[in-house]
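Coordinate analysis (summary)
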2 protein chains.
Amino acid sequence: MLLCDIGNTSYHFLDDERSFKESVGTFNPQNIQEKVYYISVNHAVNAEIANLVNWIDISSLINRERYYETMGIDRIAAVEAVENAIVVDAGSAVTVDAVKEGVYMGGFIYPGMKAMQKSYKDISPALDYSFNFELNLDKMPKNSQDAISYGYLKTLYTEVMLHNLPVILTGGDAKVFAKIFKEADVDERLVFKGMKKILQKADRC
Amino acid sequence: MLLCDIGNTSYHFLDDERSFKESVGTFNPQNIQEKVYYISVNHAVNAEIANLVNWIDISSLINRERYYETMGIDRIAAVEAVENAIVVDAGSAVTVDAVKEGVYMGGFIYPGMKAMQKSYKDISPALDYSFNFELNLDKMPKNSQDAISYGYLKTLYTEVMLHNLPVILTGGDAKVFAKIFKEADVDERLVFKGMKKILQKADRC
């Protein structure tokens, strides 16, 4: 079974156990002949694949009442994969969603690493540092690089841990964030797990 | 006694009890004849006033060993004003500094409101919201505006409150932030209080 999670910049496929990415700019979805079950946050791609009969949008199979209207379908798919966890999806944005005993509790959105670094730099060139992921979380910083790293990472960490739920990291920056969230499980295929669960519930596979 | 806190965009004066601002772009420091005790983070202005004998830089009166080398002098002045508090200075950046029983514990830097809003907007036009300062901090959000407001404000709030110190809000956005930090004292003249204390310690007034 071929699954695809379409973002703003890439098609992320899972072909049984092999996962791979194709660039939105260069990949032609018509090149795939087999059935593809997909979710997409990319409106341009949606228009392109709407008429391809082998591309099947699974978003209509989800009971969306649990969620809110403008919530991204990729966030929903990740949340569908878990029963009791706080999911931190670290990409261009960092989305944080809590599920307690199968009930979606809500979530929040935090800037991704690149956006936040730019934000500090735009305030002042004196704040143009990369983040220190080896940061000591138990001590208030006394240097500029740690002061911005703590501002970005420790505030997020403290809030996430407050919810007393197992933490699951996913998204492109999951492994980097794992240096801060030492207790977390990294699961880069969480969205695909959610997609499979949605298909199983709907008896589609 | 005339005090002045010079930032990147304005001269902030305190003349006994009256405080007022002048724009860096249009104000001519030579127009002031009386003695001005100042601190400044503005290198261009520093060069302009270095030869004016009535403008007295008080930064050399501070025992800077307590602090770190690249720490802004305005942050240091605010910290000098308190004995036991966490100071949240909300301006173009939000600086957070902790002082416990007279000892500086360190601090961190978080993006200011405008920078953070731009950061969300740059990630996606779908995240282009103003922040909701009426946000319910006890509930994970289920709509986009609250999801980014919580991401910006609740993470900061949780981290600040964790330190179990009285919270003092200062800076241009102090009153707006007070809607979230309901327990905090707002003191828009904290930097001036610190400057006075520095002068008193040095027997200069």
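Residues numbered from 1 in each chain as written. Chains lettered and ligands numbered in written order. Predicted model: local features only at pLDDT ≥ 70, side-chain atom pairs only at ≥ 80, totals over all residues. Heavy atoms only, no water.

**Some words on the packing of aromatic side chains**
The final tally for this structure, using the stated rule, is 30 aromatic pairs over all chains. Grouping aromatic residues by their ring pairs yields a cluster made of Tyr11, Phe13, Phe20, Phe27, Tyr38 and Trp55 of chain A. (Phe/Tyr/Trp six-rings, centres within 6.5 Å; stacked < 30°, edge-to-face > 60°.)

**Digging into the environment of serine 149 of chain A**
Residue and element names in this part refer to chain A. Within the fold, serine 149 resides in helix α4 (residues 144-162). Separated by 17 residues in sequence, serine 149 and asparagine 132 place their C-alpha atoms 5.7 Å apart. In contact with serine 149, other than residues within four places in its own chain, are Ser130, Phe131, Asn132, Leu135 and Lys154. (Helix = DSSP H or I, 4+ residues; strand = E, 2+ residues; numbered from the N terminus. Contact = heavy atoms within 4.5 Å.)

**Quick word on the sheet that holds strand β10 (residues 185-186) of chain B**
Residues and elements named next belong to chain B. With mixed pairing, the five strands of this open sheet are ordered in space as β8-β7-β6-β9-β10. Two strands bound the open sheet, and with one partner strand each, they are β8 (103-111) and β10. Bridge count between strand β7 (residues 93-100) and β8: eight bridges; the pairing is antiparallel. Looking at β8, one finds that valine 99 is bridged to tyrosine 104. (Pairing = 2+ DSSP bridges.)

**Considering the UniProt feature "binding site: substrate" (unreviewed entry) in chain A**
Those residues carrying the UniProt feature "binding site: substrate" (unreviewed entry) are Tyr68, Gly72, Ile73, Asp74, Arg75 and Ser144 of chain A in this numbering. A maximum C-alpha distance of 38.7 Å shows the annotated residues, which cover 77 residues in sequence, to be distributed over more than one spot. Along the chain, glycine 72 of chain A falls in the loop between β5 (55-57) and α2 (73-80). Take glycine 72 of chain A: its relative accessible area is 23%, and that puts it in the partly exposed class. By the secondary structure assignment, serine 144 of chain A is in helix α4. With sequence-adjacent residues up to four places away left out, serine 144 of chain A is seen in contact with Tyr129 of chain A together with Tyr68 and Thr70 of chain B. (UniProt positions renumbered as here; feature names shortened; annotations may be inferred. Buried < 20%, exposed > 50% of the residue type's maximum accessible area, 1.4 Å probe, protein only.)

**Concerning the pattern of salt bridges**
Under the definition given, this model contains 20 salt bridges over all chains. Ionic pairing is found between arginine 75 of chain A and aspartate 97 of chain A, a salt bridge with its closest N-O pair at 2.8 Å. Taken together, the residues arginine 75 of chain A in helix α2 and aspartate 97 of chain A in strand β7 (residues 93-100) connect sequence positions 22 residues apart. For the pair arginine 75 of chain A and aspartate 97 of chain A, a shared accessibility class is recorded, and that class is buried. Taking the shortest distance from any N to any O, the salt bridge between glutamate 80 of chain B and lysine 201 of chain B comes out at 3.3 Å. Taken together, the positions of glutamate 80 of chain B in helix α2 (residues 73-80) and lysine 201 of chain B in helix α6 (residues 190-201) put the pair 121 residues apart, joining distant regions of the chain. With a relative accessible area of 5%, glutamate 80 of chain B lands in the buried category. Using a relative accessible area of 60% as the deciding quantity, one classes lysine 201 of chain B as exposed. Residues joined in a network through salt bridges with shared partners are Arg66, Glu80 and Lys201 of chain A. (Salt bridge = Lys/Arg side-chain N within 4 Å of Asp/Glu carboxyl O.)

**Notes on the domain arrangement of chain A**
Residue and element names in this part refer to chain A. Here chain A is partitioned into domain 1 (2-57) and domain 2 (64-195). Distance between the C-alpha centres of domain 1 and domain 2: 25 Å. Contacts between the two partners involve 14 residues from domain 1, matched on the other side by seven residues from domain 2. Together domain 1 and domain 2 conceal approximately 870 Å² of surface at their shared face, both sides included; 74% is due to carbon and sulfur atoms. Our count for the domain 1 to domain 2 interface comes out at one salt bridge. A salt bridge links arginine 189 to glutamate 17, with the shortest nitrogen-to-oxygen separation between them at 3.2 Å. There are one residue pair in polar contact (both at pLDDT 80 or more) connecting domain 1 and domain 2. Only β1 (2-6), β2 (10-15), β3 (18-23) and β4 (36-40) provide two or more residues apiece to the side of domain 1 that touches domain 2. (Domains from an automatic or database assignment. Buried area = accessible area lost by both parts, 1.4 Å probe. Polar contact = N/O pair within 3.5 Å; in protein donor to acceptor, adjacent residues only side chain to side chain.)

**Some points on the interface of chain B and chain A**
Counting residues at the interface gives 41 residues for chain B and 41 residues for chain A. Taken as a group, Ile109, Met140 and Lys142 of chain B account for 20% of the area that chain B buries against chain A, more than any other trio of residues on that side. Scanning the region where chain B abuts chain A turns up two salt bridges. A salt bridge links lysine 154 of chain B to glutamate 159 of chain A; the nearest nitrogen and oxygen atoms lie 3.0 Å apart. Our count for the chain B to chain A interface comes out at 17 residue pairs in polar contact (both at pLDDT 80 or more). Looking at the side of chain B that touches chain A, the elements that each hand over two or more residues are β7, β8, α3 (113-123) and α4 (144-162) of chain B.

**Quick look at the relation of the copies chain B and chain A**
Superposition of chain B onto chain A requires a rotation of 180° combined with a translation of 0.0 Å along the rotation axis, giving an RMSD of 0.0 Å. Such a turn and shift between the copies fits a two-fold axis. When C-alpha distances to the rotation axis are compared across chain B, the minimum falls at threonine 155 of chain B, with a value of 2.6 Å. (Least-squares fit on C-alpha atoms with pLDDT ≥ 70 in both.)

**Focus on the nonpolar core**
Residues Tyr110, Phe177 and Phe181 of chain A together with Tyr110, Tyr152, Phe177 and Phe181 of chain B are the most contacted members of the largest nonpolar core, which totals 127 residues. For phenylalanine 177 of chain A, the contacting residues outside a window of four places in its chain are Ala90, Val94, Met113, Phe133, Tyr152, Leu153, Leu156 and Leu169 of chain A. (Core = buried A, V, L, I, M, F, W, Y, C linked by side-chain atoms within 4.5 Å.)

**Some points on the packing of helix α3 (residues 113-123) of chain A against α4 of chain A**
Residues and elements named next belong to chain A. Between α3 and α4, the least distance of the axes is 11 Å, while the angle of their chain directions is 135°. With respect to each other, α3 and α4 are oriented oblique. Helix-helix and strand crossings are classified by hand; for α3 and α4 the assignment is right-handed. Residues Met113, Met116 and Tyr120 of α3 pack against Ile148, Gly151 and Tyr152 of α4. Split into classes, the residues belonging to the contact of α3 with α4 amount to five nonpolar, one polar and no charged. (Axes fitted to C-alpha atoms, helices over the stretch in contact; angles between N-to-C directions. Parallel < 35°, antiparallel > 145°, perpendicular 65-115°, else oblique. Left-handed = near helix turned anticlockwise from the far one by under 90°. Nonpolar A, V, L, I, M, F, W, Y, C, P; charged D, E, K, R; others polar.)

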